[in-house]
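Next come the chains, spelled out residue by residue.
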Amino acid sequence: MRATNSRSRSGGPFFYTDSSDTLATLGYNKYSIVKSVLRAINTHRHKIMWGAPIALALFVSVQSSIVDGNSFSLTASSTRFVEVGTSFDVTIGISTEDPINVAAAIVSYPPTLLQVTGVSSDETAIDLWAEEPFFSNELGVVTFAGGLLKKAGFTGTGTVATIHFSAVAAGSAHLDISSPALLAHDGKGTNVLTHTSETTVVVREVGQANPDINGDGSVTITDINSMYLTILRPYNARYDMDGNGKVNFRDIAHLFGLLGS
Ligand SMILES: [Ca+2]
Ligand SMILES: [Ca+2]
């Protein structure tokens with residue numbers, strides 16, 4: 001995320017923007033999105049009061065006692081190492097220690113490698129969508145803007161939405177968060193975002209060995225050690241990263257290339 005912040009001339013809420021300004025590409029007015037969330041909160045305030053007990057129970061169930069700053073996160077639901085033709089989910093999460101009432105951002109992905117098949121918000125901390133989650137496989141973006149209506153503002157951790165992806169081609173697909181806004185429940189709409197946590201999905205060809213040998217979600221020295229130990233043993237396709245019928249230093253080099261991913 002390369003972000004700079006800018007404040008509106010009226011002194012109202014500010015919104016993080018980046019040089020590409022994907023929202024503008026999509027025809028969105030960033031300030032109007034934030035305003036529409038706040039307007040919707042006011043319009044539905046009474047309705048919300050009655051529905052609040054259920055919503056609060058859901059909030060409590062997903063809150064964590066340990067929260068560091070105010071952040072967006074992208075998390076692959078099972079594994080970040082997938083095969084072409086398979087489906088997987090990535091969850092958009094928020095974590096806040098300061099009370100907020102608006103969460104909005106753009107998630108970008110390489111559409112040549114990944115295609116979105118849907119975005120689910122069945123389980124969400126968002127009470128009111130100013131902009132329902134929208135995706136474009138042409139642009140490679142998922143956008144959303146939602147309001148959180150807890151009386152004292154939302155703190156803790158929660159899910160915003162789950163993106164359903166299909167892997168269409170092999171490669172390293174970085175999922176990026178841009179224009180993130182977590183607006184404080186302070187009457188001013190101050191953007192209190194402190195950081196984002198993005199993710200990379202590694203798509204391999206059909207039949208190619210999974211580089212995450214021990215299945216812990218990352219390629220680490222443990223996977224490489226595991227491969228070293230098998231080099232002198234009978235051939236095992238599980239360790240043959242380039243599929244050439246041998247397990248040798250070329251396969252180890254492949255893992256080194258993914259180290260830390
Ligand atoms: Ca591993
Ligand atoms: Ca090999």
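Residues numbered from 1 in each chain as written. Chains lettered and ligands numbered in written order. Predicted model: local features only at pLDDT ≥ 70, side-chain atom pairs only at ≥ 80, totals over all residues.

## Side note on the overall build of the protein chain
- A tally of regular secondary structure across the protein chain gives five helices and 12 strands.
- For the protein chain, with 261 residues in total, the buried portion stands at 36%.
- At a minimum sequence separation of 6, the contacts of the protein chain that also span at least 24 residues come to 72%. (Helix = DSSP H or I, 4+ residues; strand = E, 2+ residues; numbered from the N terminus. Buried ≥ 20, exposed ≤ 12 C-beta atoms within 10 Å, placed from the backbone. Contact = placed C-beta atoms within 7 Å.)

## Brief notes about the packing of helix α4 (residues 221–230) against helix α5 (residues 249–258)
- At their nearest, the axes of α4 and α5 sit 10 Å apart, and the two run at 175° to each other. In terms of axis orientation, α4 runs roughly antiparallel to α5. Contacts from Asp223, Ile224, Met227 and Tyr228 in α4 reach Asp251, Ile252, Leu255 and Phe256 in α5.
- A class-by-class count of the residues in the contact of α4 with α5 yields six nonpolar, no polar and two charged. (Axes fitted to C-alpha atoms, helices over the stretch in contact; angles between N-to-C directions. Parallel < 35°, antiparallel > 145°, perpendicular 65-115°, else oblique. Nonpolar A, V, L, I, M, F, W, Y, C, P; charged D, E, K, R; others polar.)

## Regarding the pairing of strand β7 (residues 128–136)
- In terms of strand pairing, β7 meets strand β8 (residues 141–147) through six bridges, oriented antiparallel. Opposite Ser136, over in β8, you have Val141 as the bridge partner.
- Joining the antiparallel neighbours β7 and β8 is a turn of four residues, in which Gly140 adopts a positive phi near 75°. (Pairing = 2+ DSSP bridges.)

## Focus: the confidence of the model for the protein chain
- Per-residue confidence for the protein chain gives a mean pLDDT of 83; residues scoring 70 or more make up 74%.
- Segment residues 1–23: pLDDT under 50, and 50 contacts once partners within four positions in sequence are set aside and those in other chains are kept.
- Here residues 48–65 scores under 50 on pLDDT; set against residues more than four positions off or in separate chains, the count is 19 contacts. (pLDDT = per-residue confidence, 0-100.)

## Brief notes about the nonpolar core
- Counting residues in hydrophobic clusters, the biggest one holds 46 residues, and the most contacted among them are Ile100, Ala103, Ala105, Val107, Val160 and Ile163.
- With 11 residues, the single largest contributor to this core is strand β5 (residues 87–108).
- Excluding residues that lie within four positions of it along the chain, Val160 makes contacts with Ile92, Gly93, Ile94, Ala103, Thr124, Ala125, Ile126, Phe144 and Gly146.
- If you look at the next biggest cluster of nonpolar residues, it comprises eight residues, including Ala209, Val219, Tyr239 and Leu255. (Core = buried A, V, L, I, M, F, W, Y, C linked by C-beta atoms within 7 Å.)

## Notes on the pairing of β8
- Counting buried positions along β8 gives seven out of seven residues, so the element sits mostly inside the fold.
- With burial as the criterion, each face of β8 is covered, one bearing Val141, Thr143, Ala145 and Gly147 and the other bearing Val142, Phe144 and Gly146.
- Alignment of β5 against β8, held across seven bridges, turns out to be antiparallel. Following the sheet pairing, Ala104 is matched in β8 by Ala145.

## What to know about unusual backbone geometry
- Positive phi, close to 50°, is recorded for Ser179, a residue that is not glycine.
- In this fold, Ser179 is placed in strand β10 (residues 171–184).
- Ser179 sits in the buried class, given 23 other C-beta atoms within 10 Å.

## Some details on the environment of Asn191
- You can see Asn191 is positioned in the loop between β10 and β11 (195–197).
- Put simply, Asn191 and Ile100 are 91 residues apart on the chain and 8.9 Å apart in space, counted from C-alpha to C-alpha.

## Overview of the environment of Arg238
- With respect to the helices and strands, the residue Arg238 is situated in the loop between α4 and α5.
- The spatial distance from the C-alpha of Arg238 to the C-alpha of Ile213 is 7.8 Å, given a sequence separation of 25 residues.

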